[in-house]
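# Architecture and fold: a report
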Amino acid sequence: MGKHKLSTDSFLVLPTAVMHEQLVCLASYGAILFWLHTLAALFLGILIWVHSSTNTLVLLVWLVGIALLAASCWWSSSHFQMDKVAEEVLYARVQRYVLLSTLLHALWGASGILLFVHQLEVVAVHTAVLLLISLAALPTLLLSWPIASVQMIAVILPMAVMLLWLDDPIFRLLGLVLLTAAIMVVLASRPLAQLMDSFQLAQRKLLEQMNTDPVTQLANRRQFEQHFKLEWRRSARTREPLALLVLGIDQLTDLDLSEQCLIALARYLKAVVHRAGDLVARYDDRRFIVLSPTTSTDEVARLAEKFRHEIERKQLTCASLAGLTVSIGAASCQPQSSHHQAMAEDDVHDVAYPALLLKAAEQALQTAQEQGGNCIVIGAVSI
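What counts, and where the lines are drawn
Residues numbered from 1 in each chain as written. Predicted model: local features only at pLDDT ≥ 70, side-chain atom pairs only at ≥ 80, totals over all residues. Heavy atoms only, no water. Helix = DSSP H or I, 4+ residues; strand = E, 2+ residues; numbered from the N terminus. Buried < 20%, exposed > 50% of the residue type's maximum accessible area, 1.4 Å probe, protein only. Contact = heavy atoms within 4.5 Å. Areas by Shrake-Rupley, 256 points an atom, 1.4 Å probe, with all protein chains shown as cover. Pairing = 2+ DSSP bridges. Core = buried A, V, L, I, M, F, W, Y, C linked by side-chain atoms within 4.5 Å. Axes fitted to C-alpha atoms, helices over the stretch in contact; angles between N-to-C directions. Parallel < 35°, antiparallel > 145°, perpendicular 65-115°, else oblique. Nonpolar A, V, L, I, M, F, W, Y, C, P; charged D, E, K, R; others polar. pLDDT = per-residue confidence, 0-100. Salt bridge = Lys/Arg side-chain N within 4 Å of Asp/Glu carboxyl O. Polar contact = N/O pair within 3.5 Å; in protein donor to acceptor, adjacent residues only side chain to side chain.

### A word on the overall build of the chain
For the chain, the count of helices and strands is 13 helices and five strands. Here the chain holds 383 residues, and the buried ones make up 47% of them. At a minimum sequence separation of 6, the contacts of the chain that also span at least 24 residues come to 74%. For the chain, the accessible area works out to roughly 18600 Å², and carbon and sulfur atoms hold 63% of it.

Structure (structure tokens):
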């Protein structure tokens, strides 16, 4: 997967299904981390308030800040358990969680300066609490090792610097021990992060095998259906058209000939379908399907004719067949969303409307084949 950056870039290149699985695991720690941060802050706050003359307002603001940020992280992570969301929504949730959790750990680190008490027993407890909180950043390894490391260092470094700054040798020794412990925790977490990388890579390869047609190396029907639903919801939100093209090879005689024709056509489609959001897939034994977002009825008609003409002109060869031609059925519509569609993936509105677009393209292909092949038909969608 390459080296991590100081961001979630490495995590966000994973397939959506793998990302969601990792995020659900992270969300399972939400309640535990909330209570850990809140109770630890309350305990430390009471200890400092009893043993020192620390400004009560500063202490109260710090406690409220910890509680609010911990609650925000819990609330943010709870949204990871909502299944089957668009990629851009998933990305936004990840970035929001990273920001909130980093601010939370930075606020803990600030306590090493704002709430510092020059009493050995209080400093010892404060140090132990900060070490515990630094370990609480370990679940962030599911997203990124650098981010988890930054959060752990942000908790411990201010307190360590404060202790090393003092003239008292005992405090300096404690600061050195604290800094050494932080470095050891960060370094020890690296092998765990590498192990997670290995698992994610294995998951990615497995998903690629599950979503790829073994003959043509294109996306299979399973991947198309997943991508189709995501693009439908995105187009419904952005109020942009969505188009489908279903291609069927006209000359299919025996199995050997068919496979070679499928491979030849797949290579052509893979070379020309490359816009962001576009997807070409093997739909079944005899047909291919192309998903084309932001494509109107007029545009999909021109695109279909371009495919038909270029395939005929290029004379794609397979076995004893001098060239192949295709029939194309296409359709475009403006996807519609509903309250139920936004709330539940399996709601009837979420499958009925996309099914109408798919049915229109399939019926258009059937009409094109009945007309003798090597032609295009644009289907009408009624929603």
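### Considering the pairing of strand 1 (residues 242-249)
Every other side chain in a regular strand lies on the same face of the sheet, so the side chains alternate between the two faces. Burial within strand 1 is extensive, with eight of its eight residues counted as buried. Side chains of strand 1 alternate between two faces, with L242, L244, V246 and G248 and A243, L245, L247 and I249 buried alike. As paired elements, strand 1 and strand 4 (residues 326-333) share eight bridges and run antiparallel to each other. Residue pairing for strand 4: V246 is matched across the bridge by G329.

### Points about the nonpolar core
Membership of the largest hydrophobic core comes to 45 residues, with the highest contact counts inside it found for W62, Y97, L104, W108, L143, M159 and L163. With 23 residues, the next largest nonpolar core counts A266, A304, I311 and L324 among its residues.

### Section: the packing of helix 3 (residues 30-51) against helix 6 (residues 120-135)
Between helix 3 and helix 6, the least distance of the axes is 11 Å, while the angle of their chain directions is 170°. It follows that helix 3 is roughly antiparallel to helix 6 by the angle criterion. Contacts between helix 3 and helix 6 involve L36, H37, A40, F43, L44, L47, I48 and H51 from the former and V122, V125, H126, V129, L132 and I133 from the latter. Among the residues making up the contact of helix 3 with helix 6, the classes are represented as 11 nonpolar, three polar and no charged.

### Some remarks on the confidence of the model for the chain
Per-residue confidence for the chain averages 80 on the pLDDT scale, and 80% of its residues sit at or above 70. Of the regions scoring below 50 in pLDDT, residues 1-6 engages in 18 contacts with residues more than four places distant in sequence or in other chains.

### Describing the pattern of salt bridges
Opposite charge on two side chains permits them to pair, given that their charged atoms come into close proximity. Counted by the stated rule, this structure contains 10 salt bridges. In this structure, the salt-bridge partner of E225 is R221, at a minimum N-O distance of 3.3 Å. Of the two residues, E225 and R221 are both situated in helix 9 (residues 221-238); the distance of four residues between them amounts to about one turn of the helix. For E225, a relative accessible area of 38% corresponds to the partly exposed category.

### So, the side chain of Q151
Tracing the sequence through the fold places Q151 in helix 7 (residues 145-165). With relative accessibility at 0%, the residue Q151 sits in the buried group. A distance of 3.3 Å separates a polar atom in the side chain of Q151 from a polar atom in the side chain of T140. Each residue touching Q151, except ones within four places of it in the same chain, is listed here: V98, S101, T102, H105, A137 and T140.

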